[in-house]
Amino acid sequence: MRINKHFLIFTLLAATAFSLTSCSSSEGGGDRTQMCRLRFENADKEFKAGHYGRVKEPLEEILNICIGTGYMEQAQFLLAESYFNLEEWLEARGEYGSFINNFPSSPFIETAEFRKAVSAFNIEYDIDRDETNTNLAMRDFEKFQSNYPESALNDSVNYYLNLLIERRAERDFRVARLYHKLGHPQSTVIYMKEFLDLYPRSKRRPEALNLLVESYAELDQFESARFYLENYRLTVPDSIQKRIESVEDQEKYIAKLEKKFQKRIEKEQKQKLIAKQEAKEEAEAQHDDETEDDEDED
């Protein structure tokens, strides 16, 4: 997901730069201030033309040589925006972070905090290995909500947070599904029930219910299997049921395993009876042998 990259308040930037330049010139150091003004104006012009890669080096130079001239704030923000527009997300987050730390009273601070969180969201991640970037983005967005509870951007923040929650849900679902593929129904049940508790609105919910039905049936817990099957039938749309697995097919699967279970129980009972009978016969034979031995001694 990418947000609109072009809602900079260029007029305010220019007005701020002009005001700060005037103040700096009146206090001395006008030559250096004039040089920094020209450098910033050229970088700003390149940025507006969409030449984001060209402005990184000039802006970094301004940050190094223009301390005290009044152009540090604008240069730092524009540098962060350049990385953002180039989709160099790790660098963008770092530059927005520097801007937030160095210029907490800036009129652009709210935008910077939001863009910092969006940059964290877009940093590349591997859903099967590491949740670091997901957790980083969630912290950034939650911090934004805490700092700006009335912000007009909070609808967008909630949108991103929901995507991050679904990202976590997908990872947890894959772990549970792996247990099922490896033939561990008990572990599948534990993870899938926790999944449903944590992510009741996840798009993976129908599949989680389906795997719970199968796993409980494989554990010979047919009452629980039918409980989740009824939940599946009542809450999952027919179109999704057709794509994943129909209720009728699940009922057949439960009935098939239940029949196998009954046969296994009957077989075990027969084996127990046979073993009991054999033990009885062996005890009787042993008793007869002992009686014969006693008679021989007499």
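In what follows, the structure referred to is the one given above.
Residues numbered from 1 in each chain as written. Predicted model: local features only at pLDDT ≥ 70, side-chain atom pairs only at ≥ 80, totals over all residues. Heavy atoms only, no water.

Participant: Teacher, can you tell me more about the state of the cysteines here?
Facilitator: Chemically, a disulfide is nothing more than a covalent bond linking the sulfur atoms of two cysteines. Considering all chains together, one arrives at 1 disulfide under this definition. Between the sulfur of C36 and that of C66 lies a disulfide, 2.0 Å long from S to S. Classification of the bridge connecting C36 and C66 rests on its S-S torsion, roughly -95°, and on that basis the disulfide is left-handed. Of this pair, C36 sits in helix 2 (residues 30-48) while C66 sits in the loop between helix 3 (52-65) and helix 4 (72-85); the two residues are 30 residues apart in sequence, bridging distant segments of the chain. Comparing C36 with C66, the two get one shared label, buried. (Disulfide = S-S within 2.5 Å. Helix = DSSP H or I, 4+ residues; strand = E, 2+ residues; numbered from the N terminus. Buried < 20%, exposed > 50% of the residue type's maximum accessible area, 1.4 Å probe, protein only.)

Participant: So what exactly am I meant to see when it comes to the layout of surface pockets here?
Facilitator: Any empty space left between atoms is shown by rolling a water-sized probe over those atoms. Estimates place the volume of the largest pocket at around 190 Å³. Taken together, N162, I165, E166, A169, L198, Y199, P200, R201 and S202 form the lining of the largest pocket. Counting residues per element, the lining of the largest pocket draws most heavily on helix 8 (residues 154-181), which supplies 4 residues. Across the lining of the largest pocket, the residue classes break down as 5 nonpolar, 2 polar and 2 charged. (1 Å grid on protein atoms, 1.4 Å probe; cavity = no way out; pocket = protein on both sides within 12 Å on 5 of 7 lines; lining within 4 Å. Points joined across faces, edges and corners; volume = space filled by probe spheres on them. Nonpolar A, V, L, I, M, F, W, Y, C, P; charged D, E, K, R; others polar.)

Participant: Hey, could you run me through the environment of Y96 in this one?
Facilitator: Locating Y96 in the fold gives a position in helix 5 (residues 89-102). Excluding residues within four positions of it along the chain, Y96 makes contact with F77, A80, E81, F84, A112, R115, K116 and S119. (Contact = heavy atoms within 4.5 Å.)

Participant: Please clarify how the pattern of salt bridges should be interpreted in this entry.
Facilitator: Side chains carrying opposite charge are able to pair once their charged atoms draw close together. Tallied over the full model, the rule gives 13 salt bridges. Notably, a salt bridge pairs R37 with E41, separated by 2.7 Å at the nearest N-O pair. Here the residue R37 and the residue E41 both occupy positions in helix 2, the gap between them amounting to 4 residues, near one helical turn. For E41, a relative accessible area of 37% corresponds to the partly exposed category. The residue E207 makes a salt bridge to R204 at a minimum N-O spacing of 2.9 Å. One salt-bridge network, held together by shared partners, links E170, R174, R204 and E207. (Salt bridge = Lys/Arg side-chain N within 4 Å of Asp/Glu carboxyl O.)

Participant: Would you mind showing me how to read the packing of aromatic side chains here?
Facilitator: One pair of aromatic rings is described through two measures. These are the centre distance and the angle between the planes. Applying the stated rule across the entire model yields 21 aromatic pairs. Taking the centre distance of 4.9 Å and the plane angle of 20° together, the rings of F77 and F108 count as stacked. Linking F77 in helix 4 with F108 in the loop between helix 5 and helix 6 (109-122), this pair joins segments that are 31 residues apart in sequence. Since its relative accessible area comes to 2%, F77 is described here as buried. Relative accessible area serves as the criterion here: at 5%, F108 is assigned to the buried category. Of note, R167 hangs over the ring of Y125, and the distance from its end group to the ring centre comes to 3.7 Å. (Phe/Tyr/Trp six-rings, centres within 6.5 Å; stacked < 30°, edge-to-face > 60°. Lys NZ or Arg CZ within 6 Å of the ring centre and 35° of its normal.)

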